[in-house]
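# Observations on chain architecture
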Amino acid sequence: MSKLSKIRTLIMGLLLIIFAIFVIFSVIREFHFNDQSHKDKIYEQVREYLIDNNPVMEKDVEQAKTFVDIEQLGIKGKYKKSFVYVYALIKKYYIKDGRLVEGENIYMPYSFVYERGNITKQLKPKSLNDDDLTQIFPPSIYNQISYIDTFDESDINKQIEDYYSSFLSQQEYYKFTGDWHLKRATIKGKDVALSEIFGTGIQYGGKITLSKLGKYNEFLAISDTKDGSQGSYELKNDEITLKDSTGERKILKYNKKTKELSEQFDKDTILYFAKEE
């Protein structure tokens, strides 16, 4: 074999080795890309991207911060280019004039173009109408979106409470936050069994939860569902005014002696709640 032929053979061998290494590396890379722990890192990149690109715009405020929680809907594609799908809840908070203020809330599905380890593009529908959703999301993702009614807000609310914990602990209403369980009831001043008011459904009890963020949930004779917010509350002179999303108000009165909250359920009926320490 001539010297030239040996060089050609050597070059061909080296090229084959390089090609084999490239193929092996690509297979390993794609395997790693589809590993769940790596997917979790991608979703965390998405969460950080949403935080960075949704800043609080209000001026002259303190401790402004954006909080994001996401529901993972899927990742389709390969390392070179893929699409990441999420349903995101974005909440913005800040302190102004001595009060914690809830700013803009966004609840929206998103699609992100993910190329070689980076988010290169964000896509979101103009609305939640079917036509707008199907323009962005493939059928399998759209079907997931169509079944999502509510978002469990417990994690994101915990983030907010932890971030503003020092400020919240100084608020007058702080001592009332927590779960207040329905313990007894009276009709025209006489004690009655709860089943007389709620029937057998009272097996699930009753509860009013006052959150540290000035929000409340009320469950009476029904089981707990996903954590959400029925409305807000305010404290004044040991009276807590609940205001729901429709604007309807009700007043809870605190009895310092019995340490109970009372609610005028109807004309003759009063419900009494005790706090679970």
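Residues numbered from 1 in each chain as written. Predicted model: local features only at pLDDT ≥ 70, side-chain atom pairs only at ≥ 80, totals over all residues. Heavy atoms only, no water.

## Focus on the overall build of the protein chain
From N to C terminus, the protein chain includes seven helices and 13 strands. The proportion of buried residues among the 277 residues of the protein chain is 37%. Here the contacts in the protein chain between residues at least 6 apart in sequence split such that 55% fall between residues at least 24 apart. Accessible surface for the protein chain amounts to roughly 17,300 Å². Of this, 51% is attributable to carbon and sulfur atoms. (Helix = DSSP H or I, 4+ residues; strand = E, 2+ residues; numbered from the N terminus. Buried < 20%, exposed > 50% of the residue type's maximum accessible area, 1.4 Å probe, protein only. Contact = heavy atoms within 4.5 Å. Areas by Shrake-Rupley, 256 points an atom, 1.4 Å probe, with all protein chains shown as cover.)

## Section: helix 5 (residues 154-163)
The complete set of buried residues in helix 5 reads I156, N157, I160 and E161. Each buried residue of helix 5 lies within a common arc of 140 degrees when the element is viewed along its axis, so the set occupies one face. Its buried side turned inward, helix 5 meets strand 1 (62-77), strand 2 (82-96) and helix 6 (165-168). (Arc of directions from axis to C-beta.)

## Let's talk about the pattern of salt bridges
Any two side chains of opposite charge can pair if their charged atoms end up close together. Under the defined criterion, the tally for this structure stands at 11 salt bridges. Notably, a salt bridge pairs R47 with E44, separated by 3.0 Å at the nearest N-O pair. Remark: E44 and R47 occur in helix 2 (residues 36-52); sequence separation between them is three residues, near one turn of the helix. Assessed through its relative accessible area of 19%, R47 is described here as buried. Note that K256 is salt-bridged to D238, the shortest N-O span being 3.3 Å. Placement of the pair is K256 in the loop between strand 11 (249-255) and strand 12 (260-264) and D238 in the loop between strand 9 (231-236) and strand 10 (239-244), with a sequence separation of 18 residues. In this structure K256 comes out as exposed when scored by relative accessible area, which is 59%. (Salt bridge = Lys/Arg side-chain N within 4 Å of Asp/Glu carboxyl O.)

## Here we look at the sheet that holds strand 4 (residues 118-123)
Read across the open sheet, the four strands follow the order 1-2-3-4; overall the sheet is antiparallel. Lying at the two open borders of the sheet, with one neighbouring strand each, are strand 1 and strand 4. This sheet shows a mean twist of 35 degrees between the axes of neighbouring strands, independent of strand direction. Helix 4 (residues 139-146) rests against strand 1, strand 2 and strand 3 (99-115) of the sheet, and its axis sits at about 130 degrees to strand 1. Those strands touched by helix 5 are strand 1 and strand 2, and its axis lies near 155 degrees from that of strand 1. (Pairing = 2+ DSSP bridges. Axes fitted to C-alpha atoms, helices over the stretch in contact; angles between N-to-C directions.)

## Examining the confidence of the model for the protein chain
Here the protein chain averages 86 in pLDDT, and 81% of its residues register 70 or above. When mean pLDDT is taken per element in the protein chain, strand 2 scores highest with 96 and helix 1 (residues 3-33) scores lowest with 57. (pLDDT = per-residue confidence, 0-100.)

## A short note on the nonpolar core
Ranked by size, the top nonpolar core spans 32 residues in total, and within it L100, Y164, L210, I240 and F273 carry the most contacts. Every residue in contact with Y164, bar those within four places of it in the chain, is listed here: Q63, A64, K65, F67, Y93, Y94, I95 and L100. (Core = buried A, V, L, I, M, F, W, Y, C linked by side-chain atoms within 4.5 Å.)

## Brief notes about the environment of K91
Position of K91 among the secondary structure elements: in strand 2. The spacing of K91 and F67 is 24 residues in sequence and 5.2 Å in space, taken between C-alpha atoms. The contact partners of K91, leaving out residues within four places of it in the chain, are K65, T66, F67, E102, E104, N105, E153, I156, N157 and I160. A distance of 3.1 Å separates the side chain of K91 from the side chain of N157, its partner in a polar contact. (Polar contact = N/O pair within 3.5 Å; in protein donor to acceptor, adjacent residues only side chain to side chain.)

## Observations regarding unusual backbone geometry
With phi around 55 degrees, D97 is a residue other than glycine that occupies positive phi space. Residue position: D97 is located in the loop between strand 2 and strand 3.

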